[in-house]
Structures are given as structure tokens and as C-alpha cells.
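# Observations on the model geometry
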Amino acid sequence: MYITSKITKLQLNHPFKISRRETDAYREVISVEFDGGIGEAAPAKFYGETVQSVETAIKSLSSALDCDLDQIQDVMTEIEQNIEGNYATKSAIDMALHDRLGKKLGVPLYKLWGLNPKKTPHTSFTIGLDEPSVMAEKVLQAEEYPIFKVKLGTPNDIEILQTLRDVTDKPIYVDANTAWTPKEAVKKIQELANYGVELIEQPTNPDDISGLKFVHEHSELPIIADESVKRASDIPALAGSVDGINIKLVKCGGLLEALRMIHVARAHGLLVMLGCMIESSLGITAAAHLTPLVDYADLDGNLLISNDPYTGVTLDNGKLILSELPGIGVLTK
Ligand code: MG
């Protein structure tokens with residue numbers, strides 16, 4: 001099966017910064033297409049992938065698709081057995097397989113899985129790191145969104161929250177992106193709880209599970225693991241050390257694995273967030289179809305860019321409204 005791929009530079013509305021990285025003005029994504037299905041990946045260097053590595057890996061995958069493409073479980077199992085890592089690549093292929101099957105059967109993805117589209121959550125809207133006054137300005141500009149996810153992990157985290165609370169009383173999720181030590185995290189979370197923060201994402205080092213457990217046991221706010229959890233097989237070791245997990249398609253390798261992660265997380269009594277990278281409406285709309293199954297959606301990557309090539313999932317006061325079109329259900333702008 002011949003796979004075509006295309007790299008697109010997504011321009012950011014605002015330069016974007018998180019605790020471990022410098023400011024970016026744009027991000028690159030790669031889309032794939034074969035046999036009528038389309039998919040996209042927004043690879044992250046943090047997980048060892050780039051659009052170039054995805055492009056190379058896709059070429060090596062062509063022969064894996066010379067089979068019955070309706071049997072997505074078999075196709076993805078075969079790919080998983082033959083290619084290590086490369087989860088952004090696998091995600092793009094998995095997404096295109098689902099899009100293809102949905103189109104063939106004439107149903108949107110959520111119907112393929114028997115989900116109720118009314119059960120989608122509201123998405124949070126991310127405020128990247130900046131001067132506190134600039135972050136407050138971004139909050140004011142984003143008045144149509146009902147929940148904010150605020151990136152922290154700086155010496156002035158509490159000042160940032162104070163400044164934001166001067167301009168909004170909406171729910172706030174905090175994402176420290178691994179920046180704090182366990183003891184520092186417990187202290188900061190105690191203070192942040194006074195500012196109506198609802199949850200804390202990845203406070204500490206992703207590999208230090210006992211550190212996460214320490215934070216979890218000494219904090220009143222739910223602790224959600226992001227960088228610490230990539231695939232379903234990571235979940236059992238984390239259960240008991242956190243309150244929930246953040247699933248992203250490019251970390252786990254696609255919709256099929258994301259669905260498996262949701263069920264494994266539930267079996268361990270964990271909360272589930274579905275997150276994203278900065279990606280176009282193609283990747284965001286695909287992920288959105290799974291959100292009737294999750295507690296929190298952080299699917300705002302397409303809202304942070306100025307040159308989205310697609311339209312797909314929409315928002316009604318922040319609530320995700322799924323596309324009724326077959327497959328992923330995006331249209332080219
Ligand atoms: Mg995160």
C-alpha cells in the first residue's frame with residue numbers, strides 16, 4: 001500500500017512556552033493518506049520523534065499495509081510487533097485506518113465504538129508560560145473557554161496564579177511539566193489549592209514513580225500523570241501513585257491503544273484525561289471521538305494555531321461537539 005505524507009508548519013497564535021523548553025513560534029505536523037483514510041501526527045522531540053523521523057518510518061511501513069485494512073486490530077498488532085517505538089508514526093497510521101473504515105461504513109468514529117456524543121466533556125484551553133501579566137492577558141482574550149490549563153514550573157508559580165485569579169474565577173488545571181521536586185510540589189500544591197486549582201498534571205520527574213506517589217499521598221488535589229505514562233502497559237505500575245493519567249495519541253500510538261488505555265485506567269480506578277500536542281483539527285477531531293469515555297479533555301491544539309488546514313470538531317461554550325461526517329469527519333478548509 002502506497003502511503004503519501006505531507007509535513008505542515010502550524011503557526012502559533014502566541015509564542016508557546018512550557019517549563020522545560022524555549023519559546024516556539026510554530027510546530028510541525030505530518031499527515032498521511034492511503035486508501036481514502038487520512039491521519040496526522042504531531043511528534044514530540046521529548047519522546048524521540050520528529051516529522052522527519054516519522055516520514056522515514058512511514059516509508060518502512062508501506063508493506064505492513066498490504067493486508068485487509070478493515071482489520072485494524074491485526075494491522076496495528078503486526079506493526080507493533082515489527083517496529084519498536086515510533087508511536088507518533090503508528091498514531092498517524094492508526095488514525096488513517098480508523099478514518100478509512102468509518103468512511104467505508106458511513107459512520108463517524110464515535111459510532112464505530114458505540115459511544116454517546118452527548119457525553120463529551122468541555123475542553124480546557126492552555127495558557128503557556130510567560131510573564132504573569134501576559135498570561136492574565138491571554139486568559140482575558142480566551143473568554144469563550146470555560147476551563148484553563150495553566151503551564152507552571154517557574155520560581156514565580158504562585159504569583160502567576162494570584163495574577164490569573166485577579167482576572168478569572170473559572171476552573172484551572174495546572175501542568176508543571178515535570179518541573180518540581182516532590183517536596184517542592186507538595187508545598188506548591190498546598191498553596192495552589194487555595195486558588196481553586198482543580199488538578200495538577202505531572203508535577204515531578206516522569207521516571208520517579210515513588211516521587212509521584214509521595215506527592216499524591218501528601219496533596220489534596222488530584223495528580224494526573226502525563227510524561228510518566230505512554231501506553232497501557234505503563235498503567236499498572238503507576239496505579240496507586242497518581243489519581244489519573246493523561247492519554248495522548250502520539251505517545252501511545254493511536255486510537256486503538258488510547259481506547260485500551262482508557263479501559264486499563266478505569267480497571268485501576270484512575271481518572272482519565274485525553275490530551276494533545278499542538279496539532280491541526282485533523283488530529284484533534286480524531287481524539288475528540290474518544291472523549292465521551294473520559295473525565296477531562298485537553299484538546300485545544302487546533303485553537304492555538306492560525307493556519308489550521310481543516311475544520312472538524314467544534315465547541316459549544318467549550319463543550320466538544322463531535323463531527324457527524326463519516327470517519328474522523330474533517331473537511332479541508
Ligand atoms: Mg502535560
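Everything that follows concerns the structure shown earlier in this document.
A brief report on the enclosed structure follows.

Further remarks concern the overall build of the protein chain. Within the protein chain, the regular secondary structure consists of 12 helices and 15 strands. In terms of overall dimensions, the protein chain is globule-like: its C-alpha atoms have a radius of gyration of 19 Å, near the 20 Å expected for 333 residues. By principal-axis analysis of the C-alpha atoms, the protein chain measures approximately 55 × 40 × 35 Å. Buried positions account for 58% of the 333 residues belonging to the protein chain. As presented, the protein chain carries roughly 13,400 Å² of accessible surface, and 49% of it is formed by carbon and sulfur atoms.

Within the protein, the magnesium ion binds to Asp-175 (OD), Glu-201 (OE) and Asp-226 (OD); these donor distances fall in the range 2.0 to 2.2 Å. Coordination of the magnesium ion draws on donor residues from a single chain, spaced D-x25-E-x24-D in sequence. Residue Glu-201 is found in strand S7 (residues 197-201), and its partner Asp-226 is found in the loop between strand S8 (223-225) and helix H9 (235-238); the two are separated by 25 residues along the sequence. In terms of burial, Glu-201 and Asp-226 fall into one category: buried.

Let us look at the sheet that holds strand S9 (residues 244-247). The strand order across the open sheet built from 8 strands is S4-S5-S6-S7-S8-S9-S10-S11, with neighbouring strands paired in parallel fashion. In this open sheet, the two edge strands, each paired with only one partner strand, are strand S4 (125-127) and strand S11 (296-297). Where strand S10 (residues 271-274) meets S11, 2 bridges bridge the pair, whose relative direction is parallel. Residue Leu-274 lies in a different strand from S11, and its bridge partner there is Ala-297. Each of strand S6 (172-175), S7 and S8 touches helix H7 (residues 182-193); the most contacted strand, S7, lies at about 155° to it.

The topology assignment puts Ser-228 in the loop between S8 and H9. Judged by relative accessible area, Ser-228 falls into the buried class, the value being 11%. From its side chain, Ser-228 meets the backbone oxygen of Pro-206 in a polar contact 2.8 Å long. Excluding anything up to four places from it in sequence, Ser-228 contacts Gln-202, Asn-205, Pro-206, Leu-212, Asp-234 and Leu-238.

What follows is about the pairing of strand S5 (residues 148-151). Burial along S5 is two-sided: Phe-148 and Val-150 and Lys-149 and Lys-151, pointing in opposite directions, are all buried. Between the parallel pair S4 and S5, the chain is carried across by helix H5 (residues 132-141), and the sense of this crossover is right-handed. Of the strand pairs in this sheet, S5 and S6 are connected by 4 bridges, and their pairing is parallel. From the neighbouring strand, Lys-151 faces S6, where its bridge partner is Asp-175. The parallel pair S5 and S6, bridged by helix H6 (residues 157-165), forms a crossover whose chirality is right-handed.

Bringing the side chain of Thr-123 into the picture now. Inspection of the secondary structure assignment puts Thr-123 in the loop between helix H4 (109-112) and S4. Apart from the residues lying within four places of it in its own chain, the contact partners of Thr-123 are Pro-146, Ile-147, Ala-297, Asp-298, Leu-299, Asp-300, Leu-315, Gly-318 and Leu-320.

It is worth spelling out the sheet that holds strand S2 (residues 24-34) at this point. Read from one edge of the open sheet, 3 strands run S1-S2-S3, paired in antiparallel fashion. Looking at which strands have only one partner, the edges of the open sheet turn out to be strand S1 (4-16) and strand S3 (37-41). With direction set aside, neighbouring strand axes in the sheet form an average angle of 25°. The pairing of S2 with S3 spans 5 bridges and is antiparallel. Note on S3: the bridge partner recorded for Ile-30 is Ala-41.

Let us look at the environment of Tyr-26. Relative to the helices and strands, Tyr-26 resides in strand S2. Remark: the alpha-carbon pair of Tyr-26 and Asn-13, spanning 13 residues in sequence, is separated by 8.8 Å. Apart from residues no more than four positions distant in its own chain, Tyr-26 is found in contact with Lys-9, Leu-10, Gln-11 and Leu-12.

What follows covers the packing of H7 against helix H8 (residues 209-217). With their axes 9 Å apart at the nearest point, H7 and H8 run at an angle of 25° to one another. Relative to H8, H7 is oriented roughly parallel. As for how H7 packs across H8, the hand of that crossing is right-handed. Between H7 and H8, the contacting residues are Pro-182, Lys-183, Ala-185, Val-186 and Ile-189 on the first element and Gly-211, Phe-214 and Val-215 on the second. Residues of the contact of H7 with H8, tallied by class, amount to 6 nonpolar, 1 polar and 1 charged.

So, how was this worked out
- Residues numbered from 1 in each chain as written.
- Predicted model: local features only at pLDDT ≥ 70, side-chain atom pairs only at ≥ 80, totals over all residues.
- Heavy atoms only, no water.
- Helix = DSSP H or I, 4+ residues; strand = E, 2+ residues; numbered from the N terminus.
- Rg over C-alpha atoms; globule rule 2.2 N^0.38 Å.
- Buried < 20%, exposed > 50% of the residue type's maximum accessible area, 1.4 Å probe, protein only.
- Areas by Shrake-Rupley, 256 points an atom, 1.4 Å probe, with all protein chains shown as cover.
- Donors = N, O, S within 2.8 Å, 3.2 Å for Na, K, Ca; no water.
- Pairing = 2+ DSSP bridges.
- Contact = heavy atoms within 4.5 Å.
- Axes fitted to C-alpha atoms, helices over the stretch in contact; angles between N-to-C directions.
- Polar contact = N/O pair within 3.5 Å; in protein donor to acceptor, adjacent residues only side chain to side chain.
- Right-handed = clockwise from strand over helix to strand, strands pointing away.
- Parallel < 35°, antiparallel > 145°, perpendicular 65-115°, else oblique.
- Left-handed = near helix turned anticlockwise from the far one by under 90°.
- Nonpolar A, V, L, I, M, F, W, Y, C, P; charged D, E, K, R; others polar.

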